[in-house]
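Geometric and topological summary
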Amino acid sequence: MVKKLLKHEFIYYFRTFALFLPIVLVIGVMARVFRLFENFDSVLVDIALFSSFLMLVVACAALIMLSVVVSVVRFYKNMYSAEGYLTFTLPVTNTQHIFVKMISAMLFQSVCLVTVILSVLIAGSGEALLELFQIFGFAIGELASLVGTPNLIAYALEFLLVVLIAAASNLLLFYACITIGQLAKKNRILLAIGAYFIYYVASQILSTIFTIIFAV
């Protein structure tokens with residue numbers, strides 16, 4: 001049943017982002033095409049080049065934000081709206097429901113992030129990007145010679161694990177705030193936002209206290 005739920009979630013996300021992902025890539029290609037004419041001394045070329053890169057920035061930011069918003073809305077509708085009645089009739093535990101929602105959301109957020117990176121790489125392709133890769137490769141080589149290749153691989157895996165844990169914790173935080181919001185008879189969304197705000201303020205205060213303690 002968990003596999004069927006994952007399949008259903010993947011189909012939902014695919015249908016939702018099937019239009020947006022190609023649009024971001026097309027904007028990246030369009031920005032790269034306009035870059036071919038950047039040496040021309042023309043106001044129209046400058047305007048087109050600036051507009052294309054502005055569209056690329058807006059599209060990339062919108063796609064990242066949309067991936068988060070869709071995952072949160074999906075959880076709310078599927079668990080606490082009218083769909084929730086059907087959801088909880090399935091022979092699946094609450095933990096499995098949350099796991100399916102979290103894994104599918106993280107996967108498609110990763111897909112959106114990869115799409116953004118590809119679009120930026122396409123738009124910035126050329127000598128400047130090649131030089132950037134060369135600098136990055138040189139830095140990686142120097143770091144590998146300094147700490148050793150096995151340690152560098154371990155650091156990279158550790159960094160990836162930290163990123164995955166952070167992404168999962170953020171989603172679980174949103175899910176928890178939505179769940180807390182359901183405790184109210186009215187203004188449930190407002191209570192969910194309030195719960196997130198309280199968590200954010202408390203985490204900032206605690207992090208500041210720990211920073212001061214360890215700094216001293």
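Anything mentioned here points back to the structure above.
All of the points below concern the structure found in this document. (Residues numbered from 1 in each chain as written. Predicted model: local features only at pLDDT ≥ 70, side-chain atom pairs only at ≥ 80, totals over all residues. Heavy atoms only, no water.)

**Regarding the packing of helix α3 (residues 43–80) against helix α7 (residues 149–181)**
At their nearest, the axes of α3 and α7 sit 10 Å apart, and the two run at 40° to each other. Comparing the axis directions of α3 and α7 gives the class oblique. Here α3 and α7 pass one another in a crossing that is right-handed. Note on element contacts: α7 touches α3 through Leu-171, Phe-174, Tyr-175, Ile-178 and Thr-179, opposite Val-68, Ser-71, Val-72, Phe-75, Tyr-76 and Tyr-80. In terms of residue class, the contact of α3 with α7 is built from nine nonpolar, two polar and no charged. (Axes fitted to C-alpha atoms, helices over the stretch in contact; angles between N-to-C directions. Helix = DSSP H or I, 4+ residues; strand = E, 2+ residues; numbered from the N terminus. Parallel < 35°, antiparallel > 145°, perpendicular 65-115°, else oblique. Left-handed = near helix turned anticlockwise from the far one by under 90°. Contact = heavy atoms within 4.5 Å. Nonpolar A, V, L, I, M, F, W, Y, C, P; charged D, E, K, R; others polar.)

**Side note on a nonpolar patch on the surface**
Residues Tyr-196, Phe-197, Ile-198, Tyr-199, Tyr-200, Val-201, Ile-205, Leu-206, Ile-209, Phe-210, Ile-213 and Phe-214 make up a contiguous nonpolar surface patch of roughly 1,300 Å² in combined accessible area. With respect to the helices and strands, the residue Ile-198 is situated in helix α8 (residues 188–215). Looking at Ile-198, the relative accessible area reads 58%, which means it is exposed. (Patch = residues over 30% accessible without salt bridge, like charges linked within 9 Å, V, L, I, M, F, W, Y side chains within 5 Å. Areas by Shrake-Rupley, 256 points an atom, 1.4 Å probe, with all protein chains shown as cover. Salt bridge = Lys/Arg side-chain N within 4 Å of Asp/Glu carboxyl O. Buried < 20%, exposed > 50% of the residue type's maximum accessible area, 1.4 Å probe, protein only.)

**Comments concerning the packing of aromatic side chains**
Enumeration over the complete set of coordinates arrives at seven aromatic pairs. On the numbers, 6.1 Å between centres and 50° between planes, the contact of Phe-10 with Phe-108 is tilted. Taken together, the residues span a long stretch of sequence, with Phe-10 in helix α1 (residues 2–17) and Phe-108 in helix α5 (residues 94–124) at a distance of 98 residues. On the accessibility criterion, Phe-10 (30% relative accessible area) is partly exposed. Where Tyr-13 meets Phe-17, the ring centres are 6.3 Å apart and the plane angle is 10°; that geometry is what we call stacked. Of this pair, Tyr-13 and Phe-17 both sit in helix α1, four residues apart, which is roughly one turn of that helix. A relative accessible area of 1% means that Tyr-13 is categorised as buried. An aromatic cluster of three or more residues is present, and its members are Phe-10, Tyr-12, Tyr-13, Phe-17 and Phe-108. (Phe/Tyr/Trp six-rings, centres within 6.5 Å; stacked < 30°, edge-to-face > 60°.)

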